[in-house]
Amino acid sequence: MSDSEEKKKDKTPRAKSIDPAALEMIDRAESAGLSTVFSRVDEMKACPIGAAGSCCSLCAMGPCRLVGKGAEEKTGICGATHGTIGARLMARAIAGGVAAHSDHGRDIARTLLAVAKGHVQGFTIKDPDKLYRVAEMMDIATEGKELNDVAAAVAQRALDNFNGTAGDELTYVNRAPGKRQEIWRKYGLTPRGVDREVVESMHRTHVGVDQDAEHILDQGMRTSLADGWGGAMLATDLSDVLFGTPKPLISQANLGVLKEDQVNIIVHGHEPTLSEMIVAASQDPELIEYAKSKGAAGINLAGICCTANEVLMRHGIPPAGNFLHQELAIITGAVEAMVVDVQCVLQALQPLAEKFHTKLITTSPKAKIPGATHVEFDEEHALDTAKEIVRMGIDNYANRGGDVAIPQYTGDLVAGFSHEYINYMLGGKYRASFRPLNDNIINGRIQGAVAIVGCNNPRVTQDEGIIYLVRELIKRDVLVVQTGCAAHASGKHGLLVPEMMEIAGDGLREVCEAVGMPPVLHLGSCVDNSRIMTILSQVVEEGGLGDDISDLPVAGICPEYYCEKALAIGTYAAASGVYVVFGVRNPVGDCTEVVDIMSGGWEEKVGGQLVFEPDYEKILEMVMNRIQEKRKALGIHEEKERVLFDMAARREL
Ligand code: NFS
């Protein structure tokens, strides 16, 4: 597309969201003259040079812009080709995403170690069984050991994984199918330490070091694997140990979960440590009484972004919305406190909060926001800090103005599908296994499985791609699993309930009915994409669908991504053998060599791909084609005779 076409396209009026609650609040913002991400995105035309990977600003000889006639052949002042520049940009983005997830994981490991040593307030080991399973996976002897000693050993092993002192390979590499591990070893992709891979990526992408695009991107894959099979996987496992392994529960999502007559406190960000304590504090009878003494009917807790997922999965706390809802929640005028820690927190929140009575409270030693109130959180005083924060929210209730407008929209949802629970749900208590899933994929009732994950991005209509793809895939007998803000989207729009079987294809519906599960499963936060890696490995292990993840009829889609973490996740999924499609735009679309490496090149090397396609209908077609190709390769593509389940067959299942 030429620049002028691009400009014309930019001016086309575009729906900002398909969510009626969002539209109501966007209107309210517009009539009050308030700036939001939805208005700023229209005011800020994206730089077309940077948008497609044609700008290198890694040194002071530039920035070098590889544009204009013959751009493909141009180089930077140092001689770096378009391919090298694109590969460096990708590798750095991946390293940024991995650093974010993994730092989160490290903090959970540090909390577990502190719990084991008795240095914390309020935290305990909620799932000792999982602790023992994790210890076993880490080859840590447990016999005759006290629970706290096992916890300390597990936490230390986790920290060693971050530090790179756990050995030559990350511990959880052994969770992948044997064939996958061999591929990683063969190409030097096996991650050695989370920090080490991030540091090496930063080093190799420094000017004058690694100059071979494929070689740089190999390091990108290795770094991403340190997330998917390291930092994020440890974050998930250790969060389950500390806070409990999720089981299905019901809740609601969207701004309608805010309560007009209660103190509304929103937890926003990512790490579950603080939010777990806020959940406890918000249920404290003394604080509830205190809220009542201030004229409120109670304390209402809600979430935004992945913190919302953490407390939804384990406590059923309702999400007020996904990434693009953070400002909209404040615009309701009903939020007494928004408590944030790290990641995906817009700096625009504080100036907006100042126009209302909302108190923005930062809590992480890593993240301060000018103007916000900083109440630093540490494990030793966790519950006291959480209570102090909740009290601040209650005290602020009196300052709420009369102009409150809570959009009355919520979607019912079921969340809480950990990989352990899915295993149990499919196989039953005494023979928990993925066998029924494999069998139904083999017999064709289920054609395949697709993960629809990731963010919102105001460059595209909020939730549109996510909802379209979820609905179309389940219609085509594809089981959908979700995490992150994409899962909130489905929650808001009512897609995470068993009743969605009604629109599912006949085969998928039969299986969902027999098992008693919805056709769209909410697996948790973005670090919980690691649960999907675990499930894929177990499905391979169960047998009948090839001997590696790349043999499975599966795919991953991130329709509305916006950040580096999403790119890190997409890359580790591809490096694990999954076909991954991102929407919005290709951040290195001008770098043909990189585009080719991440598609055809990686297909050959690791059996997965990372491709970008802004058109949702095309994404659907690409993913369905991939599923059919994989079914064909497995020899299970013939349309099997449709046998409807009778009672005996149901019991069998
Ligand atoms: Ni994931 Fe979660 Fe949401 Fe995107 Fe941000 S909250 S870690 S990055 S926007 S899905």
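Fair warning: this is a prediction, and the values are worked out from it, not measured in the lab. (Residues numbered from 1 in each chain as written. Predicted model: local features only at pLDDT ≥ 70, side-chain atom pairs only at ≥ 80, totals over all residues. Heavy atoms only, no water.)

Asks: Just checking my understanding: could you explain the sheet that holds strand 4 (residues 263-268) for this structure?
Replies: Pairing between sheet strands relies on hydrogen bonds along the backbone, with the strands arranged either parallel or antiparallel. If you trace the 6 strands from one edge of the open sheet to the other, you get 6-5-4-7-8-9, paired in parallel fashion. In the strand order of this sheet, the two ends are held by strand 6 (319-321) and strand 9 (373-374), each with one partner. One ladder, built from 4 bridges, connects strand 7 (residues 337-340) with strand 8 (residues 359-362); its direction is parallel. When the bridges of strand 8 are listed, Met 338 appears paired with Leu 360. (Pairing = 2+ DSSP bridges. Helix = DSSP H or I, 4+ residues; strand = E, 2+ residues; numbered from the N terminus.)

Asks: Would you mind going over the side chain of Glu 197 with me for this structure?
Replies: Turning to its location among the elements, Glu 197 is positioned in helix 9 (residues 194-204). Classification of Glu 197 as buried rests on a relative accessible area of 0%. Setting aside residues no more than four positions away along its own chain, Glu 197 makes contact with Thr 190, Pro 191, Arg 192, Gln 219, Arg 222, Thr 223 and Ala 226. (Buried < 20%, exposed > 50% of the residue type's maximum accessible area, 1.4 Å probe, protein only. Contact = heavy atoms within 4.5 Å.)

Asks: Can you walk me through the coordination of the nickel atom of the ligand in this structure?
Replies: In an ideal octahedron of six donors the angles at the metal are 90 or 180 degrees, and in an ideal tetrahedron of four donors they are 109.5 degrees. The sole protein-derived ligand of the nickel atom of the ligand is Cys 526 (SG), positioned 2.3 Å away. Angles of 88 to 168° at the metal separate the 4 donor atoms of the nickel atom of the ligand, which places the site in the irregular class. You can see Cys 526 is positioned in the loop between strand 13 (520-524) and helix 22 (529-542). (Donors = N, O, S within 2.8 Å, 3.2 Å for Na, K, Ca; no water. Tetrahedral: all angles 85-135°; square planar, octahedral: opposite > 155°, others 65-115°.)

Asks: Please explain the domain arrangement of the protein chain as it appears in this structure.
Replies: When the parts of a complex come together, some accessible area is lost, and that lost area is often used as the size of the interface. Taken domain by domain, the protein chain consists of domain 1 (82-243), domain 2 (255-399) and domain 3 (417-634). Relative placement of domain 1 and domain 2: their C-alpha centres are 30 Å apart. Across the boundary between the two partners, domain 1 contributes 17 residues, which contact 17 residues of domain 2. Contact between domain 1 and domain 2 buries roughly 1400 Å² in total, counting both sides, with carbon and sulfur atoms accounting for 53%. Taken together, the connections running from domain 1 to domain 2 amount to 3 salt bridges. Close ionic contact of Lys 366 with Asp 103 constitutes a salt bridge, the shortest N to O distance being 3.0 Å. Summed over the shared surface of domain 1 and domain 2, the result is 9 residue pairs in polar contact (both at pLDDT 80 or more). (Domains from an automatic or database assignment. Buried area = accessible area lost by both parts, 1.4 Å probe. Salt bridge = Lys/Arg side-chain N within 4 Å of Asp/Glu carboxyl O. Polar contact = N/O pair within 3.5 Å; in protein donor to acceptor, adjacent residues only side chain to side chain.)

Asks: Which parts of the structure should I look at to understand the packing of helix 5 (residues 82-116) against helix 23 (residues 564-575)?
Replies: Geometry of a packed helix pair, given as the angle between the helix axes and the separation of the axes. Helix 23 packs onto helix 5 with a crossing angle of 100° between their chain directions and a minimal axis gap of 7 Å. In terms of orientation, helix 5 lies roughly perpendicular with respect to helix 23. Residues Met 90, Arg 92, Ala 93, Ile 94, Gly 96, Gly 97, Val 98, Ala 100 and His 101 of helix 5 touch helix 23, and the partners they reach there are Glu 564, Lys 565, Leu 567, Ala 568, Ile 569 and Thr 571. Looking at the contact of helix 5 with helix 23 residue by residue, the classes come out as 8 nonpolar, 4 polar and 3 charged. (Axes fitted to C-alpha atoms, helices over the stretch in contact; angles between N-to-C directions. Parallel < 35°, antiparallel > 145°, perpendicular 65-115°, else oblique. Nonpolar A, V, L, I, M, F, W, Y, C, P; charged D, E, K, R; others polar.)

Asks: Explain the site of the ligand to me, please; I cannot follow it from the model alone.
Replies: Taken together, His 270, Cys 305, Cys 306, Phe 323, Cys 344, Gly 454, Cys 455, Cys 485, Cys 526, Tyr 562, Cys 563 and Lys 565 make up the full set of residues near the ligand. For the shell around the ligand, the per-class residue count stands at 9 nonpolar, 2 polar and 1 charged. When residues of the shell around the ligand are sorted by domain, at least three fall in each of domain 2 (255-399) and domain 3 (417-634). (Near = heavy atom within 4 Å.)

Asks: Looking at this structure, how should I read the sheet that holds strand 15 (residues 579-582)?
Replies: Ordered in space as 13-12-11-14-15-16, the 6 strands form an open sheet in which the pairing is parallel. The strands lining the two open edges of the sheet, one partner per strand, are strand 13 and strand 16 (609-612). Strand-to-strand, the axes of this sheet are offset by a mean angle of 20°, without reference to chain direction. Bridge analysis of strand 12 (residues 478-483) against strand 13 gives 4 bridges, and the strand direction is parallel. Paired with Gln 482 across the bridge in strand 13 is His 522. Strand contacts of helix 20 (residues 484-492): strand 11 (448-452), strand 12 and strand 13, with the helix running at about 115° to strand 12, the strand carrying the most contacts.

Asks: Please clarify how a negative patch on the surface should be interpreted in this entry.
Replies: Together, Glu 72, Glu 73, Asp 212, Asp 590, Glu 593 and Asp 596 make up a region of like negative charge exposed at the surface. Relative to the elements of secondary structure, Glu 73 occurs in the loop between strand 2 (64-65) and helix 5. (Patch = residues over 30% accessible without salt bridge, like charges linked within 9 Å, V, L, I, M, F, W, Y side chains within 5 Å. Areas by Shrake-Rupley, 256 points an atom, 1.4 Å probe, with all protein chains shown as cover. Lys, Arg positive; Asp, Glu negative; His and termini not counted. Charge placed at Lys NZ, Arg CZ, Asp CG, Glu CD.)

Asks: Explain the nonpolar core here, please?
Replies: In globular proteins that are soluble, nonpolar side chains generally tend to be buried together. In terms of nonpolar packing, the biggest core is built from 173 residues, with Val 154, Leu 473 and Val 623 touching the most fellow members. The greatest single-element share of this core, amounting to 14 residues, is contributed by helix 5. Ignoring any residue separated from it by four or fewer positions in sequence, one finds Val 154 in contact with Leu 112, Leu 131, Val 134, Ala 135, Met 138, Ile 140 and Leu 238. In this structure, Leu 258, Met 338, Val 340 and Leu 360 belong to the second largest nonpolar core, which totals 37 residues. (Core = buried A, V, L, I, M, F, W, Y, C linked by side-chain atoms within 4.5 Å.)

Asks: Where do I start with the pattern of salt bridges in this structure?
Replies: Pairs can form between side chains of opposite charge once their charged atoms are near each other. Scanning all chains against the criterion turns up 42 salt bridges. With a closest N to O distance of 2.9 Å, Arg 185 and Glu 182 form a salt bridge. Linking Arg 185 with Glu 182, this pair stays in helix 8 (residues 178-186), spanning 3 residues, or about one helical turn. Residue classification places Arg 185 among the partly exposed positions, given a relative accessible area of 33%. The exposure class assigned to Glu 182 is partly exposed, which follows from its relative accessible area of 45%. Among the ionic pairs, Glu 513 bridges to Arg 509, the shortest N-O distance being 3.9 Å. Of this pair, Glu 513 and Arg 509 both sit in helix 21 (residues 506-515), 4 residues apart, which is roughly one turn of the helix. According to the relative accessible area criterion, Arg 509 is partly exposed, its value standing at 24%. When salt bridges that share partners are traced, they join Lys 130, Arg 133, Arg 175, Asp 237, Asp 240, Glu 310, Arg 314, Glu 420, Asp 528 and Arg 531 into one network.

Asks: Would you mind going over the pairing of strand 16 with me for this structure?
Replies: Side-chain positions along a regular strand alternate between the two faces of the sheet. The two faces of strand 16 match: Gln 609 and Val 611 on one face and Leu 610 and Phe 612 on the other face are all buried. One ladder, built from 4 bridges, connects strand 15 with strand 16; its direction is parallel. Note that in strand 16 the partner of Phe 582 across the bridge is Phe 612.

Asks: Just checking my understanding: could you explain the packing of helix 19 (residues 464-475) against helix 25 (residues 616-634) for this structure?
Replies: For the pair helix 19 and helix 25, interaxial distance at closest approach is 10 Å and the crossing angle is 40°. Judged by the twist between their axes, the crossing of helix 19 over helix 25 is right-handed. Facing Glu 464, Gly 465, Tyr 468, Leu 469, Glu 472 and Leu 473 of helix 19, the residues of helix 25 in contact are Tyr 616, Glu 617, Ile 619, Leu 620, Val 623 and Met 624. Counted by class, the contact of helix 19 with helix 25 contains 8 nonpolar, 1 polar and 3 charged residues. (Left-handed = near helix turned anticlockwise from the far one by under 90°.)

Asks: Would you mind going over the environment of Val 209 with me for this structure?
Replies: Residue position: Val 209 is located in the loop between helix 9 and helix 10 (213-243). As a C-alpha pair, Val 209 and Ser 490 span 281 residues in sequence and 44 Å in three-dimensional space. Non-local contacts of Val 209, meaning those with residues more than four positions away in its chain, are made with Arg 88, His 203 and Arg 204.

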